[in-house]
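# Architecture at a glance
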Amino acid sequence: MALWTYANQQTIKPIAKNFPQTKFEQIMEETQVEDLQKLLGFEFYQDIIQNPADTWNAALLAGDTYVYNSVTYYFKGLKYVLAYFAYARYVKISAIKDTYGGFVNKQFEESRQINNGDEKNLHKDFRKIAFKYWEECQKFLSVNSSEFPYYYADPLPDRYWASDNYNKCFYI
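Read on for an overview of the structure. All values derive from a computational prediction rather than experimental measurement.

### Comments concerning the packing of helix H2 (residues 21–40) against helix H3 (residues 42–50)
Packed helix pairs are specified by the crossing angle of their axes together with the interaxial distance, meaning the distance between the axes. Following both chains from N to C, one finds H2 and H3 inclined at 115°, their axes separated by 7 Å at the closest point. In the crossing of H2 with H3, the sense of the turn from one axis to the other is right-handed. Mapping the contact onto sequence places Gln-32, Val-33, Leu-36, Gln-37 and Leu-40 in H2 and Phe-42, Phe-44, Tyr-45, Ile-48 and Ile-49 in H3. Classifying every residue of the contact of H2 with H3 by side-chain character gives eight nonpolar, two polar and no charged.

Below, the structure written as structure tokens:
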């Protein structure tokens, strides 16, 4: 089950309008399974995808405001996290075509491909933005942890990317 739609993606971080919807749906699925499940852990991920309309899960997905120590905070929600993770994947695969002869880059006469280093930098930058939105979600989760029984504030080793492996984890 997709937690955000093509329309959500186009509102948050638009992709090319001529990008095939089926490929986008594949990116959505891969983003949820690889990135979101790793952030949330299996049990919390299952709760979110099976109960997205639950009041608290819906707030986590869509973003909301909350009050902590008499201060009101706003966060964008998991849809922003997902949209930026998906965009990072999109950057890496948008120009690649799978053919009977192997993978090729699309070429157009009036344009040229960005180099591999620039592509990796864009990919890394969009993942960094996704993680900043995730930090906002974590603060919301911490304040409201009693409403999220499957949320664990202390990450387990299989749920996070160690900072010393930052470059390795983003390009695999």
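### Thoughts on the nonpolar core
Of all hydrophobic cores here, the largest spans 43 residues; its most connected members are Leu-40, Phe-44, Leu-60, Leu-78, Val-81 and Trp-134. Going through the elements one at a time, helix H1 (6–12), H2, H3, helix H4 (55–62), helix H5 (78–93) and helix H6 (116–143) are the ones with two or more residues in this core. Ranked by the residues each element gives to this core, the list is headed by H5, at twelve residues. Beyond its immediate sequence surroundings of up to four residues, Phe-44 is in contact with Asn-57, Leu-60, Leu-141, Phe-148, Tyr-150 and Tyr-151.

### Some words on the pattern of salt bridges
Summed over all chains, the structure comprises three salt bridges. Here Arg-89 makes a salt bridge to Asp-35, at a shortest N to O gap of 3.4 Å. Taken together, the residues span a long stretch of sequence, with Arg-89 in helix H5 and Asp-35 in helix H2 at a distance of 54 residues. By the burial criterion, Arg-89 is buried, and Asp-35 matches it. Measuring nitrogen to oxygen at the nearest pair gives 3.1 Å for the salt bridge that ties Asp-35 to Arg-127.

Basis of the calculations
- Residues numbered from 1 in each chain as written.
- Predicted model: local features only at pLDDT ≥ 70, side-chain atom pairs only at ≥ 80, totals over all residues.
- Heavy atoms only, no water.
- Axes fitted to C-alpha atoms, helices over the stretch in contact; angles between N-to-C directions.
- Helix = DSSP H or I, 4+ residues; strand = E, 2+ residues; numbered from the N terminus.
- Left-handed = near helix turned anticlockwise from the far one by under 90°.
- Contact = heavy atoms within 4.5 Å.
- Nonpolar A, V, L, I, M, F, W, Y, C, P; charged D, E, K, R; others polar.
- Core = buried A, V, L, I, M, F, W, Y, C linked by side-chain atoms within 4.5 Å.
- Buried < 20%, exposed > 50% of the residue type's maximum accessible area, 1.4 Å probe, protein only.
- Salt bridge = Lys/Arg side-chain N within 4 Å of Asp/Glu carboxyl O.

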